[in-house]
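Here is how the chains run, residue by residue.
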Amino acid sequence: MRVHAAQLNRTETSGRLTDMTDYASRLSRARAIAAAKNIDVLLVGTGAEFAYLTGSWVSSHERLTCLVIRPDAEPIIVAPSTDIESLQGVAAHLVGWSDGHDPYALALEGVRPSTVALGSSLTADHVLRFQSAIRGQLNPLSPSSTSSTDVPQVEYLLATEALAELFTRKDPDEVAELRAAAAAIDAVHAEVPRLLKPGRTEAEVAADLRELILREHREVDFIIVGSGPNGANPHYDYGDRELGAGDPVVVDIGGTLASGYHSDCTRTYVVGADPSAAPTDFQEAYAVLEKAQAAGRAAARPGTTAQGIDRATRSVIEAAGWGEYFTHRTGHGIGLSTHEEPFIMEGNELELSQSMAFSIEPGIYVPGKWGMRLEDIVVTTESGYESLNQAPRGLR
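Residues numbered from 1 in each chain as written. Predicted model: local features only at pLDDT ≥ 70, side-chain atom pairs only at ≥ 80, totals over all residues. Heavy atoms only, no water.

For the chain, the name recorded in an unreviewed UniProt entry is Putative dipeptidase, with Corynebacterium aurimucosum as its organism.

Next up, the structure:
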């Protein structure tokens, strides 16, 4: 569930993803979507969206590197001349720029946009400079003019929403990577019960989990070991609290495969050999949580809305009297980003279609006492869903 930004820095920032994907086809589809939605230009900065469309995780730091997609022209990548070599082989024309030149004008050359879609990784400095460049294109002031009141209005969209049908639907190779990621994190969860011994600290357990995750993944994305009252904080990580017999423990872990695809799975455990040693109210609530998560999985099928799945899980928890303690959305999409569309929450009326991948992770959190969460990654099929995680869901 949780992603620590500091742990997302890749050791191979200029590396390419695996060659399993036809990136030229993805770019062609993005152009077609832009044309259908009357988007004049898509501007995508480096990161997961850029990697999905080009295969490259190149990072240009504060300098602009931008994928430019237009319906009426071949895709280009505007990048610092220092980084051009790292981008050789991508399915887009490379346009280098040197310090002292204007990369924003280069990116917008030949287009006077009225509708612009911006990638989510573009930082404020880049967005503001693009807006300034666009204003200058639309209203080049004469020497005697100081008014810009007649500048045509430009509509700005999020590229993640504009290209949602492309980003959210996983192709077979992507599903295979997510299935491998789920198996990798399931293998780590299989080792968790032996780590949860009375007297050990959360930090000691987390250190063991880090080693286990790295056996199965290229990188560790996050580790949560929330015991006893610490489990009531959904975004806790771990600390020096010692585990006691019968303590509930929330273990939420995830990592990144070499391909760039992510795992994410949560299970809730009880310290010691006997789960019945846990508090009685915790055991009662956990039975409700299992039913709620099963209801969410059963609702995960094409034609259901994202909020429909959230309602399916939440209604079970509310009916049992625990509703006020379910304090977050039911899930999130996953792929080259750990958190992406579709977000499984109230208010998201996105209709699910086949091959969408997302988590179903209801939780119950009672402050000062305990918490619990149960999370699987699922993929919608033609008529239902496939759960990629197979780790046991019952208390262990």
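Right, picking up where we left off after that structure.
(A) Representation of the side chain of Asp376 within the structure. Relative to the assigned elements, Asp376 resides in strand β15 (residues 376-380). Among the polar contacts made by the side chain of Asp376, one reaches the side chain of Arg267 at a distance of 2.7 Å. Only 2.6 Å separates the side chain of Asp376 from the side chain of Arg393, close enough to count as a polar contact. Excluding its chain neighbours within four sequence positions, the residues that come into contact with Asp376 are Arg267, Gln293, Arg297, Phe358, Ser359, Ile360, Ser387, Asn389 and Arg393. (Helix = DSSP H or I, 4+ residues; strand = E, 2+ residues; numbered from the N terminus. Polar contact = N/O pair within 3.5 Å; in protein donor to acceptor, adjacent residues only side chain to side chain. Contact = heavy atoms within 4.5 Å.)

(B) Representation of the environment of Ser120 in the model. Mapped onto the fold, Ser120 is located in the loop between β5 (115-118) and α4 (124-138). Sequence separation between Ser120 and Leu158 is 38 residues, and the spatial gap between their C-alpha atoms is 6.8 Å. Those residues in contact with Ser120 that sit more than four places away from it in its chain are Glu49 and Thr160. Polar contacts involving the side chain of Ser120 include one to the side chain of Glu49, which spans 2.3 Å.

(C) Quick peek at unusual backbone geometry. With omega at 5°, the peptide bond leading from Glu341 into Pro342 counts as cis. By the element assignment, Pro342 lies in strand β11 (residues 340-344). For Asn38, which is not glycine, the phi torsion reads 55° and is therefore positive. Along the chain, Asn38 falls in the loop between α1 (23-36) and β1 (41-45). You can call Asn38 exposed: its relative accessible area is 59%. Phi is positive for Ser355, which is not a glycine, with a value near 75°. Relative to the helices and strands, Ser355 is located in the loop between β11 and β12 (357-360). Take Ser355: its relative accessible area is 18%, and that puts it in the buried class. (Buried < 20%, exposed > 50% of the residue type's maximum accessible area, 1.4 Å probe, protein only.)

(D) Structural detail: the UniProt feature "domain: Creatinase N-terminal" (unreviewed entry) in the chain. Here the UniProt-annotated "domain: Creatinase N-terminal" (unreviewed entry) positions come out as residues 26-138. The annotated region residues 26-138 carries 35% helix and 24% strand content, and the separation between its end C-alpha atoms amounts to 31 Å. (UniProt positions renumbered as here; feature names shortened; annotations may be inferred.)

(E) Layout of the pattern of salt bridges. Under the counting rule described, the total for this entry stands at 20 salt bridges. Here Arg194 ties to Glu191 by a salt bridge, and the two come within 2.6 Å at their closest N and O atoms. In this structure, the salt-bridge partner of Glu346 is Arg311, at a minimum N-O distance of 2.7 Å. Of this pair, Glu346 sits in the loop between β11 and β12 while Arg311 sits in helix α11 (residues 306-319), and the two are 35 residues apart along the sequence. (Salt bridge = Lys/Arg side-chain N within 4 Å of Asp/Glu carboxyl O.)

(F) Here's a closer look at helix α7 (residues 172-189). Across its 18 residues, α7 extends 26 Å between first and last C-alpha, which sits within 8% of the 26 Å expected from 1.5 Å per residue. Within α7 the residues assigned to the buried category are Glu174, Val175, Glu177, Leu178, Ala181, Ala182, Ala184, Ile185, Asp186, Val188 and His189. (Expected span 1.5 Å × (residues − 1).)

(G) Structural detail: the sheet that holds strand β3 (residues 73-80). With mixed pairing, six strands are arranged side by side in an open sheet as β4-β3-β2-β1-β5-β6. Pairing within the sheet leaves two strands with one partner each, and these edge strands are β4 (93-97) and β6 (155-158). The average undirected angle you get between the axes of adjacent strands in this sheet is 25°. Here strand β2 (residues 66-70) pairs with β3 via four bridges, running antiparallel. The partner of Leu67 across the bridge, within β3, is Ile77. Contacting β1, β2 and β3, α1 crosses the sheet at an angle of about 55° to β2. (Pairing = 2+ DSSP bridges. Axes fitted to C-alpha atoms, helices over the stretch in contact; angles between N-to-C directions.)

(H) Quick look at the UniProt feature "domain: Peptidase M24" (unreviewed entry) in the chain. Sites flagged by UniProt as "domain: Peptidase M24" (unreviewed entry) map to residues 177-382. Within residues 177-382, the helical portion is 32% and the strand portion 24%, while the C-alpha atoms at the span's ends are 19 Å from each other.

(I) Main features of the domain arrangement of the chain. According to the domain assignment, the chain contains domain 1 (15-162) and domain 2 (168-385). Each of domain 1 and domain 2 has a C-alpha centre, and these two points are 36 Å apart. At the boundary of domain 1 with domain 2, the tally comes to two salt bridges. Our enumeration of links across domain 1 and domain 2 arrives at one residue pair in polar contact (both at pLDDT 80 or more). Looking at the side of domain 1 that touches domain 2, the element that brings in the most residues is helix α2 (residues 48-54), giving three residues. (Domains from an automatic or database assignment.)

(J) The packing of aromatic side chains, seen in detail. Per the stated rule, a full pass over the model turns up six aromatic pairs. When the ring of Tyr104 is compared with that of Phe130, the centres are 5.1 Å apart and the planes differ by 90°; the resulting orientation is edge-to-face. Here Phe130 lies in helix α4 and Tyr104 lies in helix α3 (residues 103-108), a separation of 26 residues in the sequence. The pair Tyr104 / Phe130 is uniform in exposure class, with both members buried. Here the aromatic rings of Trp322 and Trp370 are separated by 5.7 Å at their centres, their planes lie at 55°, and the arrangement is tilted. With a gap of 48 residues between them, Trp322 in the loop between α11 and β10 (331-333) and Trp370 in strand β14 (residues 370-373) connect regions that are remote in the sequence. (Phe/Tyr/Trp six-rings, centres within 6.5 Å; stacked < 30°, edge-to-face > 60°.)

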